[in-house]
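In case you want the letters, here they are:
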Amino acid sequence: MSENVNTNATQSAPVAKKKLGVKARVQKFGSALSNMVMPNIGAFIAWGLITAIFMAGGWWPNAGLAKMIQPMVHYLLPLLIAFTGGTLFAGHRGGVVGAIATMGVIVGSSIPMFIGAMIMGPLGGWCIKKWDDAISDKIKSGFEMLVNNFSAGIIGMLLAILGYFAIGPLVAGASAAMAAGVDWIIKMKLLPLANVFIEPAKILFLNNAINQGILTPLGIQAASSAGKSILFLLEPDPGPGLGVLLAFALFGKGTAKASAPSAIIIHFLGGIHEIYFPYVLMKPALFLAVIAGGVTGTATFSLLNVGLRSTPSPGSIISLLLMSPKSISNYIGLIIGVTLATLASFIVAAIVLKRDKSTGDDLAAAQGKMSDMKSGNAEAASATDAEPADVIASYKDVDHIIFACDAGMGSSAMGASLLRDKVKKAGISMSVTNTAISNLKDEPGLLVITQNELADRAAQKAPHALRLAVDNFLSSPKYDQVVVNLKARDQVSDAAPASAAPQATTAALDDLPANLDLSVVDEIVFVHHDGHLGTATMATSLMKDRVKKANKHVSVKNLGIDELADNNSLLVVSSAEAAKNLKTRYTQVQVLITDDLLSSPKYDKMVSELK
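My aim in this report is to walk through the structure given alongside it, one point at a time. (Residues numbered from 1 in each chain as written. Predicted model: local features only at pLDDT ≥ 70, side-chain atom pairs only at ≥ 80, totals over all residues. Heavy atoms only, no water.)

**A few points about the packing of helix α7 (residues 239-251) against helix α12 (residues 328-355)**
Formally: In this description, a line fitted to the C-alpha atoms serves as the axis of each element, helices being fitted only across the stretch in contact, and the angle between N-to-C directions of two axes falls anywhere from 0 to 180 degrees. Helix numbering and strand numbering both begin at the N terminus, where a helix is a DSSP run of H or I of at least 4 residues and a strand a DSSP run of E of at least 2. Working definition: roughly parallel below 35 degrees, roughly antiparallel above 145 degrees, roughly perpendicular at 65 to 115 degrees, and oblique for all remaining angles. Helix crossings get a hand from a simple test, with the near helix turned counterclockwise from the far one by less than a right angle marking a left-handed crossing and a clockwise turn marking a right-handed one. Contact criterion: two residues are considered in contact whenever any of their non-hydrogen atoms come within 4.5 Å of each other.
Where α7 meets α12, the closest approach of the two axes is 7 Å, and the angle between their N-to-C directions is 40 degrees. In this view, α7 runs oblique relative to α12, as classed from their interaxial angle. Where α7 crosses over α12, the two elements pack in a sense that is right-handed. Residues Gly239, Pro240, Leu242, Gly243, Val244, Leu246, Ala247, Phe248, Leu250 and Phe251 of α7 form the contact with α12, whose participating residues are Val338, Ala341, Thr342, Ser345, Phe346, Ala349, Ala350, Leu353 and Lys354.

So, in structure tokens, the structure goes:
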């Protein structure tokens, strides 16, 4: 077991920063954009629903309520983005300055200033942070509030003026150029080619960067004038992933085939697209399947003039239907587009899987390959060969667990829910939450669980935390190991006071039963029972290390109480409760009773007397 404990987990002192590769830099930039939009998705959905329901031609037209549409898209949404961008640099204070600065670009332009907000918000936060760093220790006592309030107001005012006269016109010109470019691509029927790049980029977890950072701002701008935009469908279309999962459900093998039906529900109805990424990565040829599905879907949407009012989040079929304008033709076109995307992806994926001659359960192997392909990092985890005792010790101070993903939503929320349930069932009191990796803080007692491709960024954000990288938030076997390590940690902690007892007491605890004949023992067994599998497994691993270090030729196993051979060459280590059952079933086995399976004071003497 020791070779599998705590894989990819590290707890390290600050080290020299690793130079980020191009892909990591792109992810970081895209994450910065999406992190300004994702926390405010609720507001975008609210605007989309208000538009779809109350505008002229909506489900229930209402001229009064429709007056909210333009102020929301021109003021509320950009200011929320700007405030969030500013908080990323300087907390609430940075958000306030960022929002003030953004008013300049909003007032200085006639188009929704989402891109301007993404510039001015972080700029305002950065400026006030630099100001505070420079003068915080120079302010005389009693003047802190005066200086802080006026500095925020003055810097915000200056940036708003800069935005009005300089940044606003530049962003407006750039936005107009990009909008013209998108319109030209759509008119030339070239938009489907965008999926040749979008679909592979999604698999590399750039989906939030593409959708929230690029397509959403452009789509909102288009929808504010046209009433809908096809750009909202380029990345969230569930068809390509659905086709791949259907192909695995029918033609897959092993775990991949068995898990595909549940993955279909999570993907298509729940909108968690990350669930199908490992299925694609296990067969590189399946990139062709998702590309075919994406191109087909977008081509159909373009041909049938399909669009959405606002960005659907998450990308489930339910979200797509809710964000559709009130138009029978749009609903029909939307369903046809998703269906054809699914069919195209399914056909290509089915051909790939039918031609595949490999055998065995390939999903687990693919998840290992997923790490190398996505992170571009061939390093093996240094903790792979860690001693079990060291692994348990590394969990000593852990008091909360955080799942960190690119956007802090979707897959990390589901991963946190899965582990939270396991921790609760194990009787462990532990907080398990999720967040965006950009919001991660280097807190004491923290265990960070992240995806392999985000491991480097997690190390930068939380260098002192215990870190665990997994291939897939939704189905990692490492969650069980986390629970085992926490339970083992708690047992060792409970036993710690006993080790501090007086010397005379310790000596008595070292004594072995007089009837034990350890010279004939060739196998030691830890018996698991009544759900104590984790503790017995860890105790077995620790004992293997003890025996190996003592150069004793005795095997160590973890077995159920009904799996023992009744002979005196077998030494069973068990609790007093399990020993009662042993004595009623076996007459020849030797039994060593201890209250602490992990670190009993009897073990050193026991090992020394083995042959």
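Now, onward.
**Examining the packing of helix α3 (residues 69-107) against helix α5 (residues 144-187)**
Going by this rule: Only Asp, Glu, Lys and Arg are considered charged in this grouping, and only Ala, Val, Leu, Ile, Met, Phe, Trp, Tyr, Cys and Pro are considered nonpolar; every other residue, Gly among them, is considered polar.
At their nearest, the axes of α3 and α5 sit 7 Å apart, and the two run at 30 degrees to each other. As far as their axial angle goes, α5 and α3 are roughly parallel. For the crossing formed where α3 meets α5, the hand is right-handed. In the contact of α3 with α5, the residues fall into 12 nonpolar, 7 polar and 1 charged.

**Observations concerning the environment of alanine 539**
Of note, alanine 539 is situated in helix α19 (residues 533-549). In this structure, the C-alpha to C-alpha distance between alanine 539 and serine 599, residues 60 residues apart in sequence, is 7.9 Å.

**Examining the nonpolar core**
Keep this limit in mind: Definition of nonpolar core: a set of buried residues of the types Ala, Val, Leu, Ile, Met, Phe, Trp, Tyr and Cys, connected through side-chain atoms within 4.5 Å. Summary of the burial criterion: residues with accessible area below 20% of their type's maximum are buried, those above 50% are exposed, and those between are partly exposed, where the area comes from a 1.4 Å probe applied to protein chains only.
Formed by 40 residues in total, the largest nonpolar core has its most connected members in Trp47, Ile81 and Leu334. Elements with a minimum of two residues in this core: α1 (22-37), α2 (41-54), α3, α4 (114-135), α6 (195-226), α11 (317-322) and α12. Excluding residues that lie within four positions of it along the chain, isoleucine 81 makes contacts with Met36, Val37, Asn40, Phe44, Phe114, Ala117 and Met118. Counting residues in hydrophobic clusters, the runner-up holds 25 residues, among them Ile524, Leu542, Val554 and Met606.

**Quick look at the packing of aromatic side chains**
This is how it is decided: Geometry of aromatic contacts follows a simple scheme: Phe, Tyr and Trp rings, the Trp one being its six-membered ring, pair when their centres are within 6.5 Å, and the pair is stacked under 30 degrees between planes, edge-to-face over 60, tilted otherwise.
Tallied over the entire structure, the rule returns 8 aromatic pairs. When the centroid spacing of 5.8 Å and the interplanar angle of 35 degrees are considered together, the rings of phenylalanine 44 and phenylalanine 114 count as tilted. Of this pair, phenylalanine 44 sits in helix α2 while phenylalanine 114 sits in helix α4, and the two are 70 residues apart along the sequence. Residues phenylalanine 44 and phenylalanine 114 agree in their burial class; the two are buried. With centroids separated by 6.4 Å and ring planes inclined at 85 degrees, the aromatic side chains of phenylalanine 526 and tyrosine 603 adopt a geometry described as edge-to-face. Placement of the pair is phenylalanine 526 in strand β5 (residues 523-528) and tyrosine 603 in helix α21 (residues 603-608), with a sequence separation of 77 residues.

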